[in-house]
Amino acid sequence: MNIDQLVELLGGDDLLHYQSQSVSKDLLHLPSPSFIDDVYGISDRNPQVLRSLGNLFGHGRLGGTGYLSILPVDQGIEHSAGASFAANPLYFDPENIVKLAIEGGCNAVASTFGVLGAVSRKYAHKIPFVVKVNHNELLTYPNKADQILYGKVREAWNMGAAAIGATIYFGSPESGRQIVEISRAFEEAHSLGMATILWCYLRNDAFKVEKTDYHLSADLTGQANHLGVTIEADIIKQKLPELNGGYKALNLGNSSYGKLDDRMYSELSSDHPIDLCRYQVLNCYSGRAGLINSGGASGFNDMEDAVRTAVINKRAGGTGLISGRKAFQKSMHDGVALLQAIQDVYLMPEVTVS
């Protein structure tokens, strides 16, 4: 994909020309070929963690650029296998998940103990593995939102994983337990030389105020990111923000929730999608931990949606995309094309940080 094709997919070049009205990019640690040396290398990460990060950042079509393209497929648990793979039953077989990541030129493949363990001896040396150690499940009746551990960190290490991944449902009644569990898991992963990626998701029915859902609000997701880097996640996965003002909405009337400063909305961000995403990057220690945004659910305009998300993430100062359903709920050929279109955005010199 070239720049003209990108402009056509975006329906114009407004996103490409926008100049940020929030925090200057000069205050951020931006992705670069030397990011591991410049940023991770001065932290308390041991040399084996730096090597694992080097494996992640050095693999695939984006290898050596400082950007990441990861294929995540844990939806067999998170969204039920039937619902996730009905569109393409090929992916009930774990080997095809790994093949899609390899053919798609990804930096890494992220999935469950079971999926990656089923083919680890064949593929762990061919593409970096990210083992997702906890999941929600959809058989308890009624369904509940709680992330529980499905295996041990050392099991992921024995599998040859370069990193572990985990989700914390910040804002949920169970978040305190999850924070303790995952902070311990991340400490053990680092001691064994693996990198860590945290899915910093929000879950609380109270975040839905009247007819507005603030689960994707920049201020709330930004604070989730800040909690994630506090437990030393090397990379933060977050959904792309779609609005702002979650703290304000939750403080209506006589209620009291969290803390806010109006400058969060007037100076640190704006209503533009690039500025909303930049606020997420800012909360990742000004980009010291890379922000990768999720690709979201599959729909009717997946290619357009995917490249739009990639442009917003890159121009905001983010580190890449972690896109699953838009890719594996298609034929192998179309899934590869979508993953490579995402990567093309990060390879284009014309798409600059705003």
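The structure under discussion appears in the preceding block.
What counts and what doesn't
Residues numbered from 1 in each chain as written. Predicted model: local features only at pLDDT ≥ 70, side-chain atom pairs only at ≥ 80, totals over all residues. Heavy atoms only, no water. Helix = DSSP H or I, 4+ residues; strand = E, 2+ residues; numbered from the N terminus. Buried < 20%, exposed > 50% of the residue type's maximum accessible area, 1.4 Å probe, protein only. Polar contact = N/O pair within 3.5 Å; in protein donor to acceptor, adjacent residues only side chain to side chain. Contact = heavy atoms within 4.5 Å. Pairing = 2+ DSSP bridges. 1 Å grid on protein atoms, 1.4 Å probe; cavity = no way out; pocket = protein on both sides within 12 Å on 5 of 7 lines; lining within 4 Å. Points joined across faces, edges and corners; volume = space filled by probe spheres on them. Nonpolar A, V, L, I, M, F, W, Y, C, P; charged D, E, K, R; others polar. Axes fitted to C-alpha atoms, helices over the stretch in contact; angles between N-to-C directions. Core = buried A, V, L, I, M, F, W, Y, C linked by side-chain atoms within 4.5 Å. Disulfide = S-S within 2.5 Å. Phe/Tyr/Trp six-rings, centres within 6.5 Å; stacked < 30°, edge-to-face > 60°. Lys NZ or Arg CZ within 6 Å of the ring centre and 35° of its normal. Parallel < 35°, antiparallel > 145°, perpendicular 65-115°, else oblique. Left-handed = near helix turned anticlockwise from the far one by under 90°.

Q: How should I be thinking about the side chain of Asn96 in this particular structure?
A: Inspection of the secondary structure assignment puts Asn96 in helix α7 (residues 94-103). Note on Asn96: relative accessible area 12%, which makes it buried. A polar contact is formed between the side chain of Asn96 and the backbone oxygen of Leu90, at a distance of 2.9 Å. Look past the residues within four positions of Asn96 in its chain and what remains in contact with it is Leu90, Tyr91 and Met332.

Q: Teacher, can you tell me more about the pairing of strand β3 (residues 129-132) here?
A: The two faces of a sheet get side chains in turn, since along a regular strand they alternate between them. In β3, alternate side chains face the same way, and those of Phe129 and Val131 on one face and Val130 and Lys132 on the other are all buried. Two elements, β3 and strand β6 (residues 163-170), share three bridges in a ladder whose sense is parallel. By the bridge assignment, Lys132 is partnered in β6 with Gly165.

Q: Sorry, what's going on with empty space enclosed by the protein here?
A: Over the atoms rolls a probe the size of a water molecule, and in doing so it shows where empty space is left. Throughout the structure, instances matching the rule amount to one cavity of 30 Å³ or more. The space that makes up the largest cavity amounts to roughly 30 Å³. Lining the largest cavity we find His29, Pro31, Val281, Gly287, Ala289, Gly290, Leu291, Gly317, Gly318 and Thr319. Class assignment for the residues of the lining of the largest cavity results in four nonpolar, six polar and no charged.

Q: Is there a simple way to explain the sheet that holds strand β7 (residues 195-202) in this structure?
A: Two pairing modes exist for strands in a sheet, parallel and antiparallel, and in both the strands are linked by backbone hydrogen bonds. As summarised here, the arrangement of the eight strands in space is β1-β2-β3-β6-β7-β10-β11-β12, forming a closed barrel in which the pairing is parallel. Neighbour to neighbour, the strand axes of the sheet diverge by 25 degrees on average, direction disregarded. In this fold helix α12 (residues 218-230) packs onto β6, β7, β10 (235-238) and β11 (290-294), with an angle of close to 150 degrees to the strand it touches most, β7.

Q: Sorry, what's going on with the environment of Ser111 here?
A: Topologically, Ser111 is positioned in strand β2 (residues 108-111). Between the C-alpha atoms of Ser111 and Arg51, which are 60 residues apart in sequence, the distance is 21 Å.

Q: Help me understand the nonpolar core, please; the structure alone is not making it clear to me.
A: The tendency in soluble globular proteins is for nonpolar side chains to be buried side by side. Within the largest apolar cluster, 86 residues are counted, with the highest numbers of intra-cluster contacts made by Leu71, Ile164, Leu198 and Ile236. With seven residues, helix α18 (residues 332-347) is the single largest residue contributor to this core. Among the nonpolar cores identified, the runner-up in size contains 23 residues, and Val39, Leu53, Ala108 and Ala195 belong to it.

Q: I tried to follow the layout of surface pockets on my own but got confused; where do I start?
A: By volume, the largest pocket amounts to about 690 Å³. The wall of the largest pocket is formed by 36 residues, among which Tyr201, Lys239, Ser294, Gly296 and Arg325 lie closest to the centre. Of all the secondary-structure elements, those providing two or more residues to the lining of the largest pocket are α5 (75-78), β6, β7, α16 (302-316) and α17 (325-328). If one sorts the elements of the lining of the largest pocket by residue count, α16 sits on top with four residues.

Q: Would you take a moment to explain the state of the cysteines for this structure?
A: Defined simply, a disulfide is a covalent bond joining two cysteines at their sulfur atoms. By the definition in use, this model includes zero disulfides. Left unpaired, Cys200 is separated from the closest cysteine sulfur, that of Cys284, by 7.2 Å. What makes Cys200 buried here is its relative accessible area of 0%.

Q: What should I look at first to understand the packing of aromatic side chains in this one?
A: By convention here, two paired aromatic rings are described through the distance between centres and the angle between planes. For the structure shown, the criterion picks out eight aromatic pairs. Note that Lys132 overlies the ring of Trp199, its terminal NZ or CZ placed 5.2 Å from the centroid. Just above the ring of Tyr201 sits the side chain of Lys239; from NZ or CZ to the centre is 4.7 Å.

Q: Looking at this structure, I do not really get the packing of α7 against α18. What am I missing?
A: With their axes 9 Å apart at the nearest point, α7 and α18 run at an angle of 45 degrees to one another. Relative to α18, the element α7 lies oblique. Relative to α18, α7 is oriented so that their crossing is right-handed. On the side of α7, the interface is formed by Asn96, Lys99, Leu100 and Glu103, while α18 contributes Met332, Gly335, Val336, Leu339 and Gln340. Its residues assigned to classes, the contact of α7 with α18 comprises four nonpolar, three polar and two charged.

Q: It is not clear to me how the pairing of β7 should be interpreted in this structure. Could you clarify?
A: Counting buried positions along β7 gives eight out of eight residues, so the element sits mostly inside the fold. Neither face of β7 is exposed, since Ala195, Ile197, Trp199 and Tyr201 on one face and Thr196, Leu198, Cys200 and Leu202 on the opposite face are all buried. Summarising the sheet, β6 and β7 pair through eight bridges and their orientation is parallel. Across the sheet, the residue bridging to Ala163 is Ala195, located in β7. Bridging between β7 and β10 involves three bridges; their strand directions are parallel. Across the sheet, Ile197 pairs through a bridge with Ile235, a residue of β10.

These figures come from the coordinates and say nothing about function on their own.
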